[in-house]
Amino acid sequence: MKKRILCLLIAAILCMSGCSTAGTTTTEPNETKAPESTGDVVVQMPVASRENGVISAEEWSEMFPEIYASYMANAENSAAIDHVEEYPQIAKIYEGMAFNKFYNSARGHVYTLEDVTSTGRPHPLSNCLTCKTPDYTALVNSTGVEAYKLTFEEVVDKMVEPISCYNCHANEAVEGTLVVTHQYLANAMGNDISKINASTLSCAQCHNEYYFDPETKATTLPYSGVVAIHPDSILSYYNTMGFADYTNPRTGTAQIKVQHPEFETFMGE
Ligand code: HEC
Ligand code: HEC
């Protein structure tokens, strides 16, 4: 039985490698697979029901009920804290950019689409969906970096699945295989990618410090290679390109709004 699943998996990988570039996975809708008998349990490789080929968390739920339940348990974390109210200094420190008016705490992966559409901060382009949904990941991987220039309104209706299995496994969750589906992380790591634990990389795809390239609007990490993951190198990277997120009107100082550098902090340690 194990062998037969593996054969299906290999077939699926071969099929996908035909349409993928290094480090990314672009997926065609899967063919219907026959149920596999395991004696008393019938395990069926899920099929992506939507056109973009992303197998949803729910579609994996029959094969992995416990993993699905643990993923959905995040929904209990429904309350959000208003950080602007909690830390009044935010109103001053971030003056000149939208976080000084609206900055709620994170609630977790199943809430991303709800939170990104209800936020009090403007989002002119679709690139802010980069870390919110596998549907955007699949769009970027199939249409290329041009996708980052699409407006938020142009794509948001097609975004239906919050962060899920596909972001970390592509459609290869069947054996827990981890896939870096966000190409900008692979670009930033270059050959160093093999030095980093695959589980760390799976979170690093989004829990990082990034900026939107001023010209291409593409989500980009401000370093190349592992040794450049350091606050001083990152600051000099931004200074060299003359990049700032905003200018504080009170002090006239050009500032970087550091995002959520969990990966960088972790690697620094
Ligand atoms: C945010 C990233 C992320 C998401 C989302 C995610 N996984 Fe995983 N998954 C991982 C990591 C990391 C591991 C551990 C891999 C390891 O230690 O080798 C893993 C392991 C697994 C394994 C192997 C488990 C084992 O016991 O060996 C399976 C199967 C799996 N995931 C299925 C799923 C399914 C199904 C979903 C969606 C409901 C999902 N994953 C969502 C990151 C993710
Ligand atoms: C595809 C992007 C993406 C990936 C991959 C990802 N995350 Fe997240 N994560 C987010 C976003 C976005 C939020 C905030 C969502 C919200 O609240 O609307 C978040 C929130 C969280 C939170 C809640 C944070 C808090 O302050 O309470 C935790 C914990 C977390 N992620 C852990 C992980 C771990 C561990 C991994 C890797 C196994 C991972 N994430 C991979 C995007 C991602």
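Up top is the structure these notes are about.
What this report covers is the structure whose coordinates are included nearby. All values derive from a computational prediction rather than experimental measurement. Residue indices follow the written sequence of each chain, beginning from 1 at its first position. The naming scheme follows written order: chains are lettered A onward, ligands numbered 1 onward. Selection of residues for local features in this predicted model requires a pLDDT of at least 70, selection of side-chain atom pairs for listing and counting requires 80 or more, and totals for whole chains, interfaces and linings are taken over all residues. The basis for every side-chain value is the complete set of non-hydrogen atoms in the structure, without hydrogens or water.

## Considerations on the environment of His109
For step 1, the next point in the chain: We count a stretch as a helix when DSSP gives it H or I for four or more residues in a row; a strand needs E for two or more, and each element gets its number in order from the N terminus. With respect to the secondary-structure elements, His109 resides in the loop between helix 5 (89–93) and helix 6 (112–118).
For step 2, the next point in the chain: Between the C-alpha atom of His109 and that of Ala75, which follows or precedes it by 34 residues, the distance is 8.6 Å.

## Points about the coordination of the iron atom of ligand 1
For step 1, the next point in the chain: The protein gives the iron atom of ligand 1 a lone donor atom, His169 (NE2), placed 2.0 Å from the metal.
For step 2, the next point in the chain: By the secondary structure assignment, His169 is in helix 9 (residues 165–169). Donor selection uses N, O and S atoms within 2.8 Å of the metal (3.2 Å for Na, K and Ca). Since no water is included, sites may look incomplete.

## Observations concerning unusual backbone geometry
For step 1, the next point in the chain: Although it is not a glycine, Ala170 sits at a positive phi angle of roughly 50°.
For step 2, the next point in the chain: Only protein chains enter the calculation, and the probe is 1.4 Å; a residue is then buried if its accessible area is under 20% of its type maximum, exposed if over 50%, and partly exposed in between. On the basis of relative accessible area, Ala170 is assigned to the buried category, the value being 0%.
For step 3, the next point in the chain: A positive phi angle is found at Lys217, which is not glycine, with a value near 70°.
For step 4, the next point in the chain: Locating Lys217 in the fold gives a position in the loop between strand 3 (211–212) and strand 4 (219–220).

## Overview of the site of ligand 2
For step 1, the next point in the chain: The environment of ligand 2 is made up of 15 residues, and the closest members are Arg107, His109, Cys203, Cys206 and His207.
For step 2, the next point in the chain: For this analysis, a polar contact is any N or O atom pair within 3.5 Å, provided that within protein one partner can donate a hydrogen and the other can accept it, and provided that sequence-adjacent residues contribute only side-chain to side-chain pairs. Between an oxygen atom of ligand 2 and a main-chain N or O atom of Arg107, the distance comes to 2.4 Å.
For step 3, the next point in the chain: In the environment of ligand 2, a nitrogen atom lies 2.8 Å from a nitrogen or oxygen atom belonging to the side chain of His207.
For step 4, the next point in the chain: Mapped by element, the contributors of at least two residues to the shell around ligand 2 are helix 6 and helix 11 (198–204).
For step 5, the next point in the chain: When the residues that make up the shell around ligand 2 are grouped by side-chain class, the tally is six nonpolar, seven polar and two charged. The near set for a molecule or strand comprises every residue that places at least one heavy atom within 4 Å of it. Gly counts as polar in this scheme, as do all residues outside two lists: the nonpolar Ala, Val, Leu, Ile, Met, Phe, Trp, Tyr, Cys and Pro, and the charged Asp, Glu, Lys and Arg.

## Regarding the site of ligand 1
For step 1, the next point in the chain: Taken together, Trp60, Phe64, Ile67, Ser164, Cys165, Cys168, His169, Ala173, Gly176, Leu178, Ser199 and Ser202 make up all the residues around ligand 1.
For step 2, the next point in the chain: His169 places a polar side-chain atom, nitrogen or oxygen, 2.8 Å from a nitrogen atom of ligand 1.
For step 3, the next point in the chain: At the level of secondary structure, the elements contributing two or more residues to the shell around ligand 1 comprise helix 9 and helix 11.
For step 4, the next point in the chain: Among the residues making up the shell around ligand 1, the classes are represented as seven nonpolar, five polar and no charged.

## Observations concerning the coordination of the iron atom of ligand 2
For step 1, the next point in the chain: Around the iron atom of ligand 2, the protein contributes the donor atoms His109 (NE2) and His207 (NE2), at 2.0 Å from the metal centre.
For step 2, the next point in the chain: Coordination at the iron atom of ligand 2 is octahedral, judged from the six donor atoms that bind it and the angles of 87 to 179° they form at the metal. Of the two residues, His109 is situated in the loop between helix 5 and helix 6 and His207 in the loop between helix 11 and strand 3; the sequence distance between them amounts to 98 residues.
For step 3, the next point in the chain: Residue class for His109 comes out partly exposed when judged on its relative accessible area of 37%. Any site counts as irregular unless it has four donors with all angles between 85 and 135 degrees, making it tetrahedral, or four or six donors with opposite ones more than 155 degrees apart and the rest between 65 and 115, making it square planar or octahedral.

## Notes on the side chain of Glu264
For step 1, the next point in the chain: When you line up the elements, Glu264 lands in helix 13 (residues 262–268).
For step 2, the next point in the chain: In this tally, Lys and Arg are treated as positive and Asp and Glu as negative; His is ignored, and so are the chain termini. Here a salt bridge means any side-chain nitrogen of Lys or Arg lying within 4 Å of a carboxyl oxygen belonging to Asp or Glu. Despite its burial, Glu264 pairs with no opposite charge, the nearest such side chain being Lys257 at 12 Å.
For step 3, the next point in the chain: For Glu264, the residues in contact, after removing those within four places along its chain, are His207, Asn208, Glu209, Tyr223, Ile229 and Ile234. Two residues qualify as a contact provided that any one of their heavy atoms is within 4.5 Å of a heavy atom in the partner residue.

## With respect to the pattern of salt bridges
For step 1, the next point in the chain: Tallied over the entire structure, the rule returns five salt bridges.
For step 2, the next point in the chain: Residue Arg50 pairs with Asp135 through a salt bridge whose shortest N-O separation is 2.4 Å. Of this pair, Arg50 sits in the loop between strand 2 (42–43) and helix 2 (57–60) while Asp135 sits in helix 7 (residues 134–143); the two residues are 85 residues apart in sequence, bridging distant segments of the chain.
For step 3, the next point in the chain: Exposure remark for Arg50: the relative accessible area of 29% places this residue in the partly exposed category.
For step 4, the next point in the chain: Its relative accessible area of 2% is what places Asp135 among the buried residues.
For step 5, the next point in the chain: Residue Arg250 is joined to Glu95 by a salt bridge in which the shortest nitrogen-to-oxygen separation is 2.8 Å. Placement of Arg250 in the loop between strand 5 (246–248) and strand 6 (253–255) and of Glu95 in the loop between helix 5 and helix 6 is noted, with a sequence separation of 155 residues between them.

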